[in-house]
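# Remarks on the overall topology
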Amino acid sequence: IKKQQQDVLGFLEANKIEFEEKDIAANEENRKWMRENVPEDSRPASGNPLPPRLFNDSRYLGDYEAFFEARENNAVYAFLGLTAPPGSKVSVRISHSKP
């Protein structure tokens, strides 16, 4: 999980995409928000959704696998719901867990 989180954060930082991290390990409110905002069809069969999960405001975008696939297909800006060109400042929310 930590490696995936670092991968997402590194990409966002390298591309100057503004983001807000939400630590779900240390904050019950953030954990509850993530659980409530991950759509039913994107949750695991058992247990709770694991980070990282990406949101644009409160719109669920996907998990790490979806982010990775979009990045590999050069479609990460579309995945993030961004219309701004690379280098522009935009905002996305990331739910994550700090060990």
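Keep in mind the model is a prediction, meaning the values are calculated, not measured.

Quick look at the environment of Y60 now. Tracing the backbone shows Y60 in strand β3 (residues 59-63). In this structure Y60 comes out as buried when scored by relative accessible area, which is 16%. On a C-alpha basis, the gap between Y60 and V38 in space is 6.2 Å, while along the polypeptide they are 22 residues apart. Not counting chain neighbours up to four residues away, the residues in contact with Y60 comprise N37, V38, P39, S42, R53, L54 and F55. At a separation of 3.4 Å, a polar atom in the side chain of Y60 contacts the main-chain amide nitrogen of D63.

This next bit is on the confidence of the model for the protein. Here the protein shows a mean pLDDT of 86. Residues at 70 or above account for 84%. The lowest-confidence element of the protein is strand β4 (residues 91-96), averaging 57 in pLDDT; the highest-confidence one is β3, averaging 96.

Let's shift gears to the pairing of strand β2 (residues 53-56). Of the two faces of β2, the one holding R53 and F55 and the one holding L54 and N56 are both buried throughout. Two strands pair when backbone bridges link them, and β2 and β3 are joined in this way by four bridges, in the antiparallel orientation. By the bridge assignment for β3, N56 is matched with R59. Where β2 hands over to β3, the hairpin turn is made up of two residues, of which D57 adopts a positive phi near 60 degrees.

Contact geometry of helix α1 (residues 2-14) with helix α3 (residues 64-72) gives a least axis separation of 11 Å together with a crossing angle of 45 degrees. When the axes of α1 and α3 are compared, the pair comes out oblique. The chirality of how α1 crosses α3 is left-handed. The segment α1 lies against α3, with Q4, D7, V8 and F11 engaging Y64, E65, F67, F68 and R71. Tallied by class, residues from the contact of α1 with α3 come to five nonpolar, one polar and three charged.

Each value, and the rule that gives it
Residues numbered from 1 in each chain as written. Predicted model: local features only at pLDDT ≥ 70, side-chain atom pairs only at ≥ 80, totals over all residues. Heavy atoms only, no water. Helix = DSSP H or I, 4+ residues; strand = E, 2+ residues; numbered from the N terminus. Buried < 20%, exposed > 50% of the residue type's maximum accessible area, 1.4 Å probe, protein only. Contact = heavy atoms within 4.5 Å. Polar contact = N/O pair within 3.5 Å; in protein donor to acceptor, adjacent residues only side chain to side chain. pLDDT = per-residue confidence, 0-100. Pairing = 2+ DSSP bridges. Axes fitted to C-alpha atoms, helices over the stretch in contact; angles between N-to-C directions. Parallel < 35°, antiparallel > 145°, perpendicular 65-115°, else oblique. Left-handed = near helix turned anticlockwise from the far one by under 90°. Nonpolar A, V, L, I, M, F, W, Y, C, P; charged D, E, K, R; others polar.

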